[in-house]
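Here's the letter readout for the chains.
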Amino acid sequence: TNPLEVIKTRLQLQGEIQARGAAAAAAPRYKGVGDAIVKMAQQEGVLSLQKGLVPGMIYQIFMNGTRLGCYPTLKGLFNYDG
């Protein structure tokens, strides 16, 4: 995933926790996108913005590899010339 996806997910989860009225959610951790970028970079390091990149890449390799690997077989099976 890209850094904005990581931030979006964290902000969404923060909002869901607050909506449920959890005691730990009394004070929001992030005030917005910019604040989340700064706090994540300071507290967890710049690489924290790339969390989830490796699983996303593995998923894309698997899905695209399967699709591209099956394409010639299915094309021949259905005798499609276009």
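Everything quoted here is computed from the prediction, not taken from an experiment.

1. Here we look at the packing of helix H1 (residues 3–19) against helix H2 (residues 33–44)
- Close contact between H1 and H2 brings their axes to 10 Å; oriented N to C, the two are set at 105°. What the angle tells us is that H1 and H2 run roughly perpendicular. Where H1 abuts H2, its residues Leu4, Val6, Ile7, Arg10 and Leu11 lie against Val33, Ala36, Ile37, Met40 and Glu44.

2. Comments concerning the environment of Ile37
- Position of Ile37 relative to the elements: it lies in helix H2.
- Owing to a relative accessible area of 32%, Ile37 belongs among the partly exposed residues under this scheme.
- Residues Ile37 and Val6 lie 31 residues apart in sequence; the distance between their C-alpha atoms is 9.7 Å.
- Ignoring any residue separated from it by four or fewer positions in sequence, one finds Ile37 in contact with Ile7 and Leu49.

3. Topic: the nonpolar core
- Counting residues in each nonpolar core, the largest one holds six residues, listed as Val6, Ile7, Tyr30, Ala36, Met40 and Leu49.
- Sorting the residues of this core by element identifies H1 and H2 as the ones contributing at least two each.

4. Considering H1
- Its 17 residues place the ends of H1 25 Å apart at the C-alpha level, agreeing with the 24 Å of an ideal helix rising 1.5 Å per residue.
- Listed in full, the buried residues belonging to H1 are Val6, Ile7 and Gln14. Mapping the buried residues of H1 onto a view down its axis gives an arc of 95°, with all of them on the same face. Facing away from the buried side of H1 by more than 90 degrees, the exposed set consists of Leu4 and Ala19.
- Against H2 lie the buried residues of H1.
- One or two steps after H1, the chain reaches Gly21, where phi turns positive at roughly 75°.

The rules behind the values
Residues numbered from 1 in each chain as written. Predicted model: local features only at pLDDT ≥ 70, side-chain atom pairs only at ≥ 80, totals over all residues. Heavy atoms only, no water. Axes fitted to C-alpha atoms, helices over the stretch in contact; angles between N-to-C directions. Helix = DSSP H or I, 4+ residues; strand = E, 2+ residues; numbered from the N terminus. Parallel < 35°, antiparallel > 145°, perpendicular 65-115°, else oblique. Contact = heavy atoms within 4.5 Å. Buried < 20%, exposed > 50% of the residue type's maximum accessible area, 1.4 Å probe, protein only. Core = buried A, V, L, I, M, F, W, Y, C linked by side-chain atoms within 4.5 Å. Expected span 1.5 Å × (residues − 1). Arc of directions from axis to C-beta.

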